[in-house]
Amino acid sequence: MKMPTNTKPWLQGAAAGAIVLAIVGFSWGGWVTGGTAAKNIAAASHDAVVAALAPICAERFRGQSDAVVRTADLAKTSSWERGSIVEKSGYATMPGSKTADSDVARACGEILSKPAVPKS
């Protein structure tokens, strides 16, 4: 098969355009691979679970008999230690699970360190 003489520049231009399109798309266009999308979905779902469970943990912590004293003690500790204190208290362990999620405990400690806003 005999090709026209100007076919080679057209094919080179198409290949260069495809490469530039891919670079621009993945760099600035927001394109991601399937693996990256799966990682993003897993991280977003974990963040949503933490956001849903942390207030439950905080309410359980505030529901104990000496909650005022323990919450005041928790507020005095450093932000790095709050998560482990809440985790050790057992309130970050949700029903049906055997261990506490450290991210839930950390978020719960942050909620508890701020003064409770009364419901109006």
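Undergrad: Outline the state of the cysteines, supporting the account with residue identities and numerical values.
TA: Tallied over the entire structure, the rule returns one disulfide. Between the sulfur atoms of Cys-57 and its disulfide mate Cys-108 the distance is 2.4 Å. The S-S bond linking Cys-57 to Cys-108 shows a torsion near -85 degrees; that makes this disulfide left-handed. Of the two residues, Cys-57 is situated in helix α2 (residues 34-62) and Cys-108 in helix α5 (residues 102-113); the sequence distance between them amounts to 51 residues.

Undergrad: I'd like to hear about the confidence of the model for the protein chain, residue by residue, with values.
TA: Confidence in the prediction for the protein chain averages 89 pLDDT; 96% of positions are at 70 or higher. Within the protein chain, the lowest mean pLDDT, 86, falls on helix α3 (residues 67-76), and the highest, 94, falls on α2.

Parameters and conventions
- Residues numbered from 1 in each chain as written.
- Predicted model: local features only at pLDDT ≥ 70, side-chain atom pairs only at ≥ 80, totals over all residues.
- Heavy atoms only, no water.
- Disulfide = S-S within 2.5 Å.
- Helix = DSSP H or I, 4+ residues; strand = E, 2+ residues; numbered from the N terminus.
- pLDDT = per-residue confidence, 0-100.

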